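Observations on the model geometry
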Amino acid sequence: QGALDWPVSSGKITGMFGTHAHPTIKNIEVSNNGIDFTLPSGGPVTCVFDGDVVGVTSIPGFNIMVIIRHGSYYTVYSKLDQASVSKGQKLKRGQKIGSVSEGENGVAELHFELWKDKVKLDPQRWFNH
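Keep in mind it's a predicted model, so treat the numbers as computed, not measured.

**What to know about the overall build of the protein**
Looking only at helices and strands, one finds zero helices and 13 strands in the protein. The order of α-helices and β-strands along the protein, N terminus first, is β-β-β-β-β-β-β-β-β-β-β-β-β. In terms of C-alpha radius of gyration, the protein reaches 14 Å, essentially the compact-globule figure of 14 Å for 129 residues. Taking the principal axes of its C-alpha atoms as reference, the protein extends roughly 45 × 30 × 30 Å. In the protein, which comprises 129 residues, the share counted as buried stands at 37%. Sequence separation of at least 24 residues holds for 59% of the intrachain contacts in the protein that already meet a minimum separation of 6. Of the roughly 7200 Å² that the protein leaves accessible, carbon and sulfur atoms contribute 52%. Placing the 13 positive and 12 negative side-chain charges of the protein at their respective mean positions leaves the two points 6 Å apart.

And the structure:
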């Protein structure tokens, strides 16, 4: 823990891991399997640790999703506009995997998840800043 770089070079965490009260709807909870980064503009998204690309797919509502295996751990990068990696590719920490661009609301967002086998982990505990 505390050993991973952020997958983006700038921005802030705007969505936290876990179950929380909905920001505007009373008595409704939302569950987040990872964390969300909001960026000032669409920038590169990079691999947080050495690994192998095990999936690149398009998911409605999440645009392009890239899954990278790091031994028994997996990192998931969603809401990408484009992916610059392909399944089976070996990646080094800090290598670009894709990019996000501004949506209609004027912000770019990355959804990031960290898994140990099939268990969801709180990514914030793993970042070095």
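**Description of the packing of aromatic side chains**
Each aromatic ring pair is summarised here by two numbers: the centre-to-centre distance and the angle between the ring planes. On inspection of all chains with the given rule, the structure shows six aromatic pairs. For the pair tryptophan 6 and phenylalanine 127, a centre-to-centre distance of 6.4 Å together with 65° between the ring planes defines the contact as edge-to-face. Of the two residues, tryptophan 6 is situated in the segment before β1 (12-15) and phenylalanine 127 in the segment after β13 (119-121); the sequence distance between them amounts to 121 residues. What makes phenylalanine 127 buried here is its relative accessible area of 6%. Aromatic pair tyrosine 77 and phenylalanine 112: ring centres 5.2 Å apart, planes at 75°, arrangement edge-to-face. Of this pair, tyrosine 77 sits in strand β8 (residues 73-80) while phenylalanine 112 sits in strand β12 (residues 108-116), and the two are 35 residues apart along the sequence.

**Regarding the side chain of threonine 46**
Mapped onto the fold, threonine 46 is located in strand β5 (residues 44-46). Every residue in contact with threonine 46, bar those within four places of it in the chain, is listed here: Trp6, Pro7, Tyr77, Gly94, Gln95, Lys96 and Ile97.

**Here we look at the sheet that holds strand β9 (residues 82-83)**
Sheet strands pair by backbone hydrogen bonding; their relative direction is either parallel or antiparallel. Taken in spatial order, the three strands line up as β5-β11-β9 in an open sheet, and their pairing is antiparallel. With one partner strand each, in any of the chains shown, β5 and β9 form the two edges of the open sheet. Across three bridges, β5 lies against strand β11 (residues 96-99) in antiparallel orientation. Its bridge partner lying in β11, valine 45 is registered against glycine 98.

**Describing the confidence of the model for the protein**
Taken over all residues, the pLDDT of the protein has a mean of 90, while the share at 70 or more is 99%. Strand β10 (residues 90-91) holds the highest mean pLDDT among the elements of the protein, 98, whereas strand β2 (residues 18-21) holds the lowest, 84.

**Brief notes about the environment of phenylalanine 37**
With respect to the helices and strands, the residue phenylalanine 37 is situated in strand β4 (residues 35-39). Classification of phenylalanine 37 by relative accessible area gives buried; the value is 0%. For phenylalanine 37 and tryptophan 6, which are 31 residues apart along the polypeptide, the C-alpha to C-alpha distance reads 9.5 Å. Phenylalanine 37 has contacts with Trp6, Pro7, Val8, Lys12, Ile13, Thr14, Ala108, Glu109, Leu110, Phe112 and Phe127, leaving out every residue within four places of it along the chain.

The rules behind each value
- Residues numbered from 1 in each chain as written.
- Predicted model: local features only at pLDDT ≥ 70, side-chain atom pairs only at ≥ 80, totals over all residues.
- Heavy atoms only, no water.
- Helix = DSSP H or I, 4+ residues; strand = E, 2+ residues; numbered from the N terminus.
- Rg over C-alpha atoms; globule rule 2.2 N^0.38 Å.
- Buried < 20%, exposed > 50% of the residue type's maximum accessible area, 1.4 Å probe, protein only.
- Contact = heavy atoms within 4.5 Å.
- Areas by Shrake-Rupley, 256 points an atom, 1.4 Å probe, with all protein chains shown as cover.
- Lys, Arg positive; Asp, Glu negative; His and termini not counted.
- Charge placed at Lys NZ, Arg CZ, Asp CG, Glu CD.
- Phe/Tyr/Trp six-rings, centres within 6.5 Å; stacked < 30°, edge-to-face > 60°.
- Pairing = 2+ DSSP bridges.
- pLDDT = per-residue confidence, 0-100.

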